[in-house]
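Descriptive analysis of the structure
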2 protein chains.
Amino acid sequence: MSKNLAQKLIESHLHSGSLEPGSPIELNIDQTLTQDATGTMVMLEFEALGLPRVKTEISAQYVDHNLLQTDFKNADDHLFLRSACRKYGVWFSRPGNGVSHPVHMSCFGIPGKTLLGSDSHTCAAGSMGMLAIGAGGLQVALAMAGRPFALTMPKILGVRLEGELPPWVSAKDIILEMLRRQSVKGCVNKVVEYHGPGLANLTAMDRHVIANMGQEMGATASVFPADEVVRAFLRQQQREEDFVALAADDGADYDETDTIDLASLEPLIACPSSPDKVVPVRDVAGKTIYQSYIGSSANPGLRDFAIPARIVEGRHVDDAVSFDINPTSRQLLEEISRSGDLARLLEAGARLHQTGCGGCIGMGQAPSSGGISLRTVPRNFPGRSGTADDQVYLCSPETATASALTGKITDPRDLDMDYPSFTEPDQLPDMRPLLLAPQEIPVEVELVKGPNIKPLPEFDPLPDVLSGPLLLKAGDNVSTDEILPAGAEILPLRSNIPAISRYTFSRVDENFYQRAMDLKGDCFVVGGENYGQGSSREHAAIAPRYLGVRCVIAKSMARIHRRNLINFGILPLLFEQPGDYDKLDQDADLEIDDPIAQLEPGKPVELKNVTSGETVQLKHDLSAEEIETLQYGGLINEARKKHLD
Amino acid sequence: MSKNLAQKLIESHLHSGSLEPGSPIELNIDQTLTQDATGTMVMLEFEALGLPRVKTEISAQYVDHNLLQTDFKNADDHLFLRSACRKYGVWFSRPGNGVSHPVHMSCFGIPGKTLLGSDSHTCAAGSMGMLAIGAGGLQVALAMAGRPFALTMPKILGVRLEGELPPWVSAKDIILEMLRRQSVKGCVNKVVEYHGPGLANLTAMDRHVIANMGQEMGATASVFPADEVVRAFLRQQQREEDFVALAADDGADYDETDTIDLASLEPLIACPSSPDKVVPVRDVAGKTIYQSYIGSSANPGLRDFAIPARIVEGRHVDDAVSFDINPTSRQLLEEISRSGDLARLLEAGARLHQTGCGGCIGMGQAPSSGGISLRTVPRNFPGRSGTADDQVYLCSPETATASALTGKITDPRDLDMDYPSFTEPDQLPDMRPLLLAPQEIPVEVELVKGPNIKPLPEFDPLPDVLSGPLLLKAGDNVSTDEILPAGAEILPLRSNIPAISRYTFSRVDENFYQRAMDLKGDCFVVGGENYGQGSSREHAAIAPRYLGVRCVIAKSMARIHRRNLINFGILPLLFEQPGDYDKLDQDADLEIDDPIAQLEPGKPVELKNVTSGETVQLKHDLSAEEIETLQYGGLINEARKKHLD
């Protein structure tokens with residue numbers, strides 16, 4: 001039977017289960033990726049597992065998030081991660097090397113391999129025929145320990161790309177068109193596989209743009225074939241020997257299908273404050289902007305910097321605009337320095353920032369009060385920029401640059417100039433010599449733990465009767481940025497759960513922490529649709545659990561966050577009838593009798609609203625393995641117990 | 001009578017007074033410089049003065065300090081400054097253009113002109129034959145309003161430079177040798193004038209290195225002649241027409257003299273945590289470092305980046321070292337990008353940061369807990385880096401780079417390689433087109449004030465009887481970094497006195513703010529020698545005044561801070577007998593009867609220690625004009641009253 005590429009990648013790594021969509025499967029993991037904001041916790045978890053060395057083919061740790069060192073904490077974390085890499089056999093990418101996703105793709109991406117990463121945009125590596133999935137840190141730690149990765153067999157959505165992009169329209173506009181069609185929850189439990197003749201003119205880094213933001217649609221993964229374009233990319237990276245040709249079988253089917261005619265696309269823009277509020281740029285043109293921002297894992301390619309440089313050549317950006325350039329890798333910065341594109345940007349008035357994630361994760365570059373910011377980044381969740389009343393729009397480098405020149409939101413086709421050309425260089429400097437490679441022969445290494453690096457808290461299993469107040473009732477599409485924000489103030493606390501828990505839900509309800517501390521007991525949280533979308537940060541589960549949250553009830557949940565809740569012993573339940581959401585008021589006293597025993601297949605879970613006297617029917621979508629994890633009170637407890645047995 | 005250059009510069013701008021050292025003089029000011037961390041307050045003050053437009057030849061406002069935008073505050077300040085520049089006829093240098101001192105020198109420096117700047121390192125422009133003086137913001141606002149600048153006629157210290165620097169020894173080692181000789185207080189109320197044959201091989205930017213750190217010796221200004229070297233610099237900046245030859249008269253005398261034989265110098269380093277703890281690098285060689293830091297106003301020249309690039313070419317820096325490169329100007333970054341030096345640094349593993357003051361002012365790049373940081377910056381006061389237990393050493397770019405390669409403090413002569421060569425380019429890009437020039441014809445501009453930009457507090461004159469507790473007793477050499485710290489957390493509050501006052505003395509006594517709030521009344525502060533050294537920030541006077549500090553008593557005081565105290569109505573007094581410092585315990589109740597009336601020339605001021613019953617004799621060094629300012633309760637009150645009359 002002919003198979004699509006996603007099915008082939010899954011089948012070749014299947015540890016257990018079948019290709020039946022919706023069934024539980026386990027995948028063997030070849031590679032892992034961690035970044036510093038999630039990685040310190042991963043390394044503490046790996047330490048707790050007690051293994052001497054990782055069992056993957058490649059594990060790589062990047063320092064790209066917490067680069068603003070305003071006190072000792074981030075620097076201490078970097079040193080801790082370096083020591084953990086040396087101890088456990090992990091590649092270490094130092095600060096300044098760049099954003100994990102493009103650097104991993106350049107250094108380690110191999111078609112046909114599986115990659116599990118503690119960053120939600122890990123799916124970007126699907127651009128080169130990998131099966132790349134974002135997950136909570138603890139699951140990545142277990143993959144580093146050689147354990148297979150459990151998930152629900154996704155449906156495969158085949159998206160056929162036809163035709164060729166017009167001038168001034170680029171890869172970002174393709175994924176914005178996808179978001180316009182799919183919304184931020186349209187691809188939950190799906191893999192999006194791109195195919196068709198339109199691929200021929202999309203470079204591997206163009207595909208990265210599209211694969212990366214699969215996460216914004218809730219997709220489990222994005223998959224592209226490994227074709228001659230990928231071979232050219234590997235040749236450019238001096239790794240052609242790693243190329244393997246991979247594609248769907250002729251006549252392969254998909255569970256769902258869609259088609260995009262590239263020639264019909266125009267410049268698009270996602271309005272504040274959700275990546276799926278997509279409209280044509282011309283619909284919002286003319287608004288005065290504070291900022292134009294180039295960079296991030298969502299536009300990491302050379303052309304994403306070279307095209308802007310050639311647009312602004314010989315001109316000055318508007319004197320009121322902050323034109324912020326965020327190189328995505330050391331390789332890219334070297335190349336634009338050599339090619340003259342960096343000088344072109346600087347001469348036009350650009351601000352060049354440190355190589356890394358930068359303002360995308362709220363590490364600097366926050367816009368002015370209520371100021372409009374055009375960004376090539378993947379997300380515009382409210383306040384993620386660091387400014388509470390931000391107005392962040394997501395767009396292509398072309399649109400961001402045109403708007404920097406005029407000072408207003410501008411369709412780049414209205415610049416009245418020829419679309420600049422750019423040709424990828426045949427070869428780029430190999431970045432691997434500037435990563436610290438695992439030692440062949442392990443040496444005795446002591447973990448370097450600064451004073452802010454605290455042990456993981458211990459968590460009990462669920463009680464026989466789970467009762468407590470509904471401490472927070474939230475709306476639809478609550479992201480992990482709202483459950484546990486990032487940004488320059490909070491990210492440095494990622495290795496210290498007691499300290500970071502103070503910020504739990506602070507963007508939604510600034511008194512949440514205090515109420516939880518006053519309660520000092522078990523409690524519930526309720527959400528609407530797509531609860532926990534966005535970042536893979538497991539702190540959005542650990543910190544609530546630390547504050548007493550034992551059960552989250554929602555209309556629907558995002559994949560990674562749902563699993564993080566389970567990993568830390570929080571029971572994720574769903575409304576049987578979405579309308580019952582209205583029956584639960586904040587502060588109501590809730591109760592679930594014998595919660596684990598109620599988790600039987602096909603049976604409802606009964607929630608008593610003690611305050612109103614009503615009973616609400618809930619359901620669950622937990623696998624037997626996930627229920628077992630909850631019985632232990634989380635995955636660390638389970639791993640420890642099973643290891644002891 | 002033959003005069004030295006400092007006397008000639010002073011005489012040509014004398015508004016009142018004579019050249020008798022120690023006598024009060026007033027100088028006409030041609031140019032002003034403000035940066036963003038002090039400039040928002042300057043612009044609020046200028047607004048309070050009610051003038052339509054500045055009266056200087058050139059006033060320029062730079063945004064170089066508060067570049068880490070972690071929320072709306074810094075971005076709002078940038079927009080406020082831009083609007084104030086447009087309203088008042090001030091040049092505006094946008095974020096990304098670079099550090100005020102080298103940019104001002106490149107764009108506006110003219111031999112023979114006076115420059116007053118609200119940044120203590122304004123003295124750097126003495127490198128090109130200017131009389132450049134750092135001052136509190138309010139005095140700069142008054143200079144912008146056309147008022148002369150009052151100071152004590154300094155003694156002139158003539159330093160003769162002889163011979164030529166050996167390989168691996170550079171300008172930074174000359175100023176470190178000066179600091180070794182003079183200490184951090186040796187040049188209070190002195191101008192340091194460099195002359196002699198050793199100047200011939202020091203470029204204008206080399207001289208900037210030396211002039212800049214005159215502030216670290218407490219000097220009022222640093223002065224170099226305007227010779228052919230300065231002409232070459234102006235030609236490089238495409239401004240040769242601004243050159244004026246200036247030098248001391250033949251046979252000119254100095255109040256004090258010193259000589260340095262450049263050939264005898266070796267690489268020097270200032271140990272934690274004072275710029276005058278200078279020893280040969282070899283005395284501390286071998287210590288493991290966390291960080292090596294290139295940049296800042298203390299080493300802003302092209303050669304300060306090009307020489308490191310050529311040292312590391314073809315090598316990798318130690319994999320445990322953070323090698324932080326901080327370009328000082330847009331022009332410099334463009335040039336090292338074009339020359340290949342930037343690529344050389346990146347290939348070696350450097351982290352490139354945003355152009356500006358960066359980690360020098362605690363805006364990122366804080367070292368790890370207790371980690372050693374080698375920096376080419378001007379200051380290593382405790383905690384200024386952002387890490388409380390920091391170990392910051394000050395050194396040349398050569399020493400910092402050699403240490404980055406080895407991972408340990410290293411004398412660069414021990415690298416076993418030839419000293420790289422560097423030749424200044426004949427011409428560099430003109431930076432002025434990227435500054436926003438004052439409008440020829442003023443237009444109606446509204447000041448853009450974000451929600452964090454608060455009005456200046458109103459302050460009363462001194463009471464008839466000044467009484468209150470000694471709320472803080474501090475030691476010697478307390479810097480303004482300890483009175484009111486900088487750094488990424490606190491600097492964004494520079495436009496908001498109530499908010500920033502929470503951090504007053506927080507590095508010295510974390511309960512000071514709470515005790516002041518509990519007191520809600522007048523109080524005293526006591527310090528030792530050289531109280532208030534370092535930065536010119538007037539917030540170190542305004543915030544204590546806001547909290548009730550009405551009188552500071554010390555053994556001696558730094559020039560700029562002493563004047564800032566007066567400007568905001570705080571009475572600065574000195575111990576008649578330094579030993580009486582020991583008679584005042586913290587929390588003692590103190591009292592001064594009719595303080596203004598006691599300020600008579602040559603008469604002591606009596607301080608009653610109500611708690612012990614003793615009386616302590618104090619003295620003052622206030623001019624008649626300063627006493628008048630204190631009578632009004634500060635300079636703003638005075639300016640308003642006089643304007644109203």
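What counts, and at which threshold
Residues numbered from 1 in each chain as written. Chains lettered and ligands numbered in written order. Predicted model: local features only at pLDDT ≥ 70, side-chain atom pairs only at ≥ 80, totals over all residues. Heavy atoms only, no water. Helix = DSSP H or I, 4+ residues; strand = E, 2+ residues; numbered from the N terminus. Rg over C-alpha atoms; globule rule 2.2 N^0.38 Å. Buried < 20%, exposed > 50% of the residue type's maximum accessible area, 1.4 Å probe, protein only. Areas by Shrake-Rupley, 256 points an atom, 1.4 Å probe, with all protein chains shown as cover. Lys, Arg positive; Asp, Glu negative; His and termini not counted. Charge placed at Lys NZ, Arg CZ, Asp CG, Glu CD. Pairing = 2+ DSSP bridges. Contact = heavy atoms within 4.5 Å. Axes fitted to C-alpha atoms, helices over the stretch in contact; angles between N-to-C directions. Buried area = accessible area lost by both parts, 1.4 Å probe. Salt bridge = Lys/Arg side-chain N within 4 Å of Asp/Glu carboxyl O. Polar contact = N/O pair within 3.5 Å; in protein donor to acceptor, adjacent residues only side chain to side chain. Nonpolar A, V, L, I, M, F, W, Y, C, P; charged D, E, K, R; others polar. Domains from an automatic or database assignment. Patch = residues over 30% accessible without salt bridge, like charges linked within 9 Å, V, L, I, M, F, W, Y side chains within 5 Å. Phe/Tyr/Trp six-rings, centres within 6.5 Å; stacked < 30°, edge-to-face > 60°. Lys NZ or Arg CZ within 6 Å of the ring centre and 35° of its normal. Parallel < 35°, antiparallel > 145°, perpendicular 65-115°, else oblique. Left-handed = near helix turned anticlockwise from the far one by under 90°. Least-squares fit on C-alpha atoms with pLDDT ≥ 70 in both.

Concerning the overall build of chain A
Across its full length, chain A holds 20 helices and 27 strands. Radius of gyration (C-alpha) of chain A: 24 Å, near the 26 Å computed for a compact globule of 645 residues. The C-alpha extent of chain A, read off along each of the three principal axes, is 70 × 55 × 55 Å. With 645 residues in all, chain A has 66% of them scored as buried. Surface exposure of chain A reaches about 19,900 Å², of which carbon and sulfur atoms provide 47%. Counting 60 positive and 88 negative side-chain charges, chain A places the centres of these two groups 3 Å from one another.

Here we look at the sheet that holds strand β7 (residues 131-134) of chain A
All names here are of chain A. The sheet built from six strands is open, its strands ordered β7-β6-β3-β4-β5-β20 with mixed pairing. Taken across any chain shown, the strands that pair with only one partner, and hence form the sheet edges, are β7 and β20 (435-436). Along the sheet face, helix α4 (residues 100-108) touches β3 (31-35), β4 (58-62), β5 (91-93), β6 (114-117) and β20 and points at about 145° away from the line of β4.

A closer look at the interface of chain A and chain B
In this complex, chain A contributes 50 residues to the contact, which on the side of chain B involves 50 residues. It is Gln 69, Arg 94 and Arg 351 of chain A that lose the most area in chain A upon contact with chain B, and together they represent 15% of the buried surface on that side. One can count four salt bridges joining chain A with chain B. As a salt-bridge pair, Asp 319 of chain A and Arg 82 of chain B come within 2.4 Å of each other at their nearest N and O atoms. One can count 31 residue pairs in polar contact (both at pLDDT 80 or more) joining chain A with chain B. For the side of chain A that touches chain B, the secondary structure elements donating two or more residues are α3 (72-88), α11 (330-339), α12 (341-347) and β17 (351-352) of chain A. Here the side of chain A that touches chain B is built from residues that sort into 24 nonpolar, 15 polar and 11 charged.

Let's talk about the domain arrangement of chain A
Residue and element names in this part refer to chain A. Assigned domains within chain A: domain 1 (5-264), domain 2 (278-414) and domain 3 (465-641). Just the C-alpha atoms count here: the centres of domain 1 and domain 2 sit 24 Å apart. Sorting the residues of domain 1 by area buried against domain 2 places Val 99, Trp 168 and Lys 172 first, and these three jointly supply 24% of that buried surface. At the boundary of domain 1 with domain 2, the tally comes to one salt bridge. Linking domain 1 with domain 2 are 12 residue pairs in polar contact (both at pLDDT 80 or more), by the criterion used here.

A few points about the pattern of salt bridges
Evaluation of the coordinates by the stated rule reveals 90 salt bridges over all chains. For the salt bridge of Asp 481 of chain B with Arg 384 of chain B, the shortest nitrogen-to-oxygen distance reads 2.8 Å. Of the two residues, Asp 481 of chain B is situated in helix α14 (residues 480-483) and Arg 384 of chain B in the loop between β18 (372-375) and β19 (391-394); the sequence distance between them amounts to 97 residues. Note on accessibility: Asp 481 of chain B and Arg 384 of chain B belong to one class, buried. Linked by salt bridges that have partners in common, Glu 266, Arg 282, Asp 411, Arg 413 and Asp 414 of chain A make up one network.

Focus: the side chain of Asp 580 of chain A
Locating Asp 580 of chain A in the fold gives a position in the loop between β24 (571-575) and β25 (589-593). Of the residues examined, Asp 580 of chain A reaches a relative accessible area of 11% and is grouped as buried.

Side note on a negative patch on the surface
Among the surface-exposed residues, Asp 582, Asp 585, Asp 587 and Asp 589 of chain A lie close enough to one another that they form a single negatively charged patch. Inspection of the secondary structure puts Asp 585 of chain A in the loop between β24 and β25.

Thoughts on the packing of aromatic side chains
As enumerated under the stated definition, the model contains 12 aromatic pairs over all chains in all. Aromatic side chains Phe 46 of chain A and Tyr 88 of chain A sit 4.8 Å apart centroid to centroid with 65° between the ring planes, which places their arrangement in the edge-to-face category. Separated by 42 residues along the polypeptide, Phe 46 of chain A in helix α2 (residues 36-49) and Tyr 88 of chain A in helix α3 bring together distant segments of the chain. The exposure classification of Phe 46 of chain A matches that of Tyr 88 of chain A, with both residues buried. Here the aromatic rings of Phe 575 of chain B and Tyr 581 of chain B are separated by 6.2 Å at their centres, their planes lie at 75°, and the arrangement is edge-to-face. For the pair shown, Phe 575 of chain B and Tyr 581 of chain B are each scored as buried. Over the aromatic face of Tyr 581 of chain A sits the side chain of Lys 555 of chain A, whose NZ or CZ is 4.5 Å from the ring centroid.

Regarding the pairing of strand β25 (residues 589-593) of chain B
Residue and element names in this part refer to chain B. The side-chain alternation of β25 yields one buried face, formed by Leu 590 and Ile 592, and one unburied face, formed by Asp 589, Glu 591 and Asp 593. Inspection of the sheet shows strand β21 (residues 465-473) paired to β25 by five bridges, in the antiparallel sense. Residue pairing for β25: Gly 468 is matched across the bridge by Leu 590.

Some remarks on α4 of chain A
Burial analysis of α4 of chain A places nine of its nine residues in the buried class, the great majority of the element. All of the buried residues in α4 of chain A are Ser 100, His 101, Pro 102, Val 103, His 104, Met 105, Ser 106, Cys 107 and Phe 108 of chain A.

A short note on the packing of helix α2 (residues 36-49) of chain B against helix α3 (residues 72-88) of chain B
All names here are of chain B. Contact geometry for α2 and α3: axes closest at 10 Å, N-to-C directions at 45°. When the interaxial angle is binned, α2 and α3 end up oblique. When you trace α2 past α3, the crossing you get is left-handed. Across from Asp 36, Gly 39, Thr 40, Met 43, Leu 44, Phe 46 and Glu 47 in α2, the residues of α3 making contact are Asp 77, His 78, Phe 80, Leu 81, Ala 84, Cys 85 and Tyr 88. Class assignment of the residues belonging to the contact of α2 with α3 gives a composition of eight nonpolar, three polar and three charged.

Brief notes about the side chain of Gln 365 of chain B
In this fold, Gln 365 of chain B is placed in the loop between β17 (351-352) and β18. Once residues lying within four places of it in the same chain are set aside, the contact partners of Gln 365 of chain B are Gln 69 of chain A together with Gln 291, Tyr 293, Asp 324, Asn 326, His 353, Gly 358, Gly 359 and Arg 375 of chain B.

So, the relation of the copies chain A and chain B
Once chain A has been moved 0.0 Å along the axis and rotated by 180°, it coincides with chain B to within an RMSD of 0.0 Å. Such values leave the two copies arranged in the relation of a two-fold axis. Scanning chain A for the C-alpha nearest the rotation axis identifies Ser 337 of chain A, at a separation of 2.6 Å. Most of the interface of chain A is mirrored in chain B: 100% of its interface residues are interface residues there too.

With respect to the sheet that holds strand β3 (residues 31-35) of chain B
All names here are of chain B. Ordered by their spatial adjacency, six strands build an open sheet running β7-β6-β3-β4-β5-β20, and the pairing between neighbours is mixed. The sheet terminates laterally at β7 (131-134) and β20 (435-436), the two strands that pair on one side only. Note that strand β5 (residues 91-93) and β20 share two bridges and pair antiparallel. By the bridge assignment, Ser 93 is partnered in β20 with Leu 435. Strands β4 (58-62), β5 and β20 of the sheet are contacted by α3, whose axis makes an angle of about 155° with β5.

What about helix α10 (residues 303-312) of chain B?
Helical geometry: 3.6 residues make up each α-helical turn, so side chains three or four residues apart lie on a common side. Residue and element names in this part refer to chain B. Summarising burial for α10: nine of the 10 residues are buried, a large majority. Considered for burial, the residues of α10 that qualify are Arg 303, Asp 304, Phe 305, Ala 306, Ile 307, Pro 308, Ala 309, Ile 311 and Val 312. Those residues of α10 hidden inside the fold are in contact with α7 (204-212), β15 (291-295), β16 (322-326), α11 (330-339), α12 (341-347) and α13 (397-406). Looking at the residues trailing α10, positive phi occurs at Gly 314, about 80°.

Considering the packing of helix α7 (residues 204-212) of chain A against helix α8 (residues 228-236) of chain A
Residues and elements named next belong to chain A. Running from amino to carboxyl end, α7 crosses α8 at an angle of 110°, the nearest separation of the two axes being 9 Å. By the angle class used here, α7 and α8 are roughly perpendicular. Across the interface between the two elements, Ala 204, Met 205 and Arg 207 from α7 touch Val 229, Val 230 and Phe 233 from α8. The residue inventory of the contact of α7 with α8, partitioned by class, reads five nonpolar, no polar and one charged.

Examining the environment of Leu 165 of chain A
All names here are of chain A. By the secondary structure assignment, Leu 165 is in the loop between β9 (155-162) and α6 (171-182). Distance in space between the C-alpha atoms of Leu 165 and Leu 265 is 7.0 Å, their sequence separation being 100 residues. Excluding residues within four positions of it along the chain, Leu 165 makes contact with Ser 170, Ala 171, Ile 174, Leu 202, Leu 262 and Leu 265.

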